[in-house]
Amino acid sequence: MRNIPTVLGASALLLLGTTTTALGQYSGADASCQPVQATLNAFDRSSRFRATGSMTGDGKSYPYERIALGDTLYIGSQARWTKAPQTPVERLKADAEGGWTFSGCRRVGSEFVHADPATVYEAHMASKNQKTQHVRIWISDRSGLPLRMDSEAAEGKLKTSMFFTYGADIRAPAAP
């Protein structure tokens, strides 16, 4: 599963700017995607976050986690962590090479994620090589940052679900 595209740093990450972010990785085909792009731009600037979730493909589920602390990025899970050779910003730039664009964004409701009120959007994301994903993103009404993001590849073979937390209480893993 090494070649799984990430959103948010896409499918994870998510991950997600005004017309383009400071890193230039996300753009939109229409104005309906401005809220989604704005939250991803804010995410790009966040220097302390934890993204926790899973990727499901080939009938198997894989836990997935990223921790960003300033210029250090850790990738792994509770059982095994590695310190990425790239900073979080460098990793986002690398993820950006896929040329992800958003289209058909629409607000679909309001929900709570970990007691934080959020506005929920659905969108389509496509890369330069025409891989398309359906994305659902929960944007915090308080901070404007993504709280959750689910995606599914158009052919349905790969699904991701990520939850995001931010703040001073985010710490490095015990054994990177």
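Small disclaimer: the values here were computed from a predicted structure and weren't measured.

1. Quick word on unusual backbone geometry
Here comes step 1: Phi is positive for aspartate 58, which is not a glycine, with a value near 55 degrees.
Here comes step 2: For aspartate 58, a relative accessible area of 67% gives the class exposed.
Here comes step 3: Positive phi outside glycine occurs at histidine 114, with the angle close to 50 degrees.
Here comes step 4: For histidine 114, the location among the structural elements is in the loop between β6 (101–113) and β7 (116–126).

2. Focus on the pattern of salt bridges
Here comes step 1: Within the structure shown, the criterion is met by 5 salt bridges.
Here comes step 2: In this structure, aspartate 116 engages arginine 142 in a salt bridge whose closest nitrogen and oxygen atoms are separated by 3.7 Å. On the criterion of sequence distance, the pair formed by aspartate 116 in strand β7 and arginine 142 in the loop between β8 (132–140) and β9 (146–153) is long-range, its members being 26 residues apart.
Here comes step 3: On the basis of relative accessibility, which here comes to 13%, the residue aspartate 116 falls in the buried class.
Here comes step 4: The salt bridge involving glutamate 122 is made with arginine 136; its shortest N-O contact spans 2.6 Å. A residue pair is termed long-range when its members are at least 10 positions apart, and glutamate 122 in strand β7 and arginine 136 in strand β8 qualify at 14 residues.
Here comes step 5: Classification of glutamate 122 as buried rests on a relative accessible area of 13%.
Here comes step 6: On the basis of relative accessibility, which here comes to 26%, the residue arginine 136 falls in the partly exposed class.
Here comes step 7: Through salt bridges with shared partners, a single ionic network connects Arg106, Glu122 and Arg136.

Conventions adopted
Residues numbered from 1 in each chain as written. Predicted model: local features only at pLDDT ≥ 70, side-chain atom pairs only at ≥ 80, totals over all residues. Heavy atoms only, no water. Buried < 20%, exposed > 50% of the residue type's maximum accessible area, 1.4 Å probe, protein only. Helix = DSSP H or I, 4+ residues; strand = E, 2+ residues; numbered from the N terminus. Salt bridge = Lys/Arg side-chain N within 4 Å of Asp/Glu carboxyl O.

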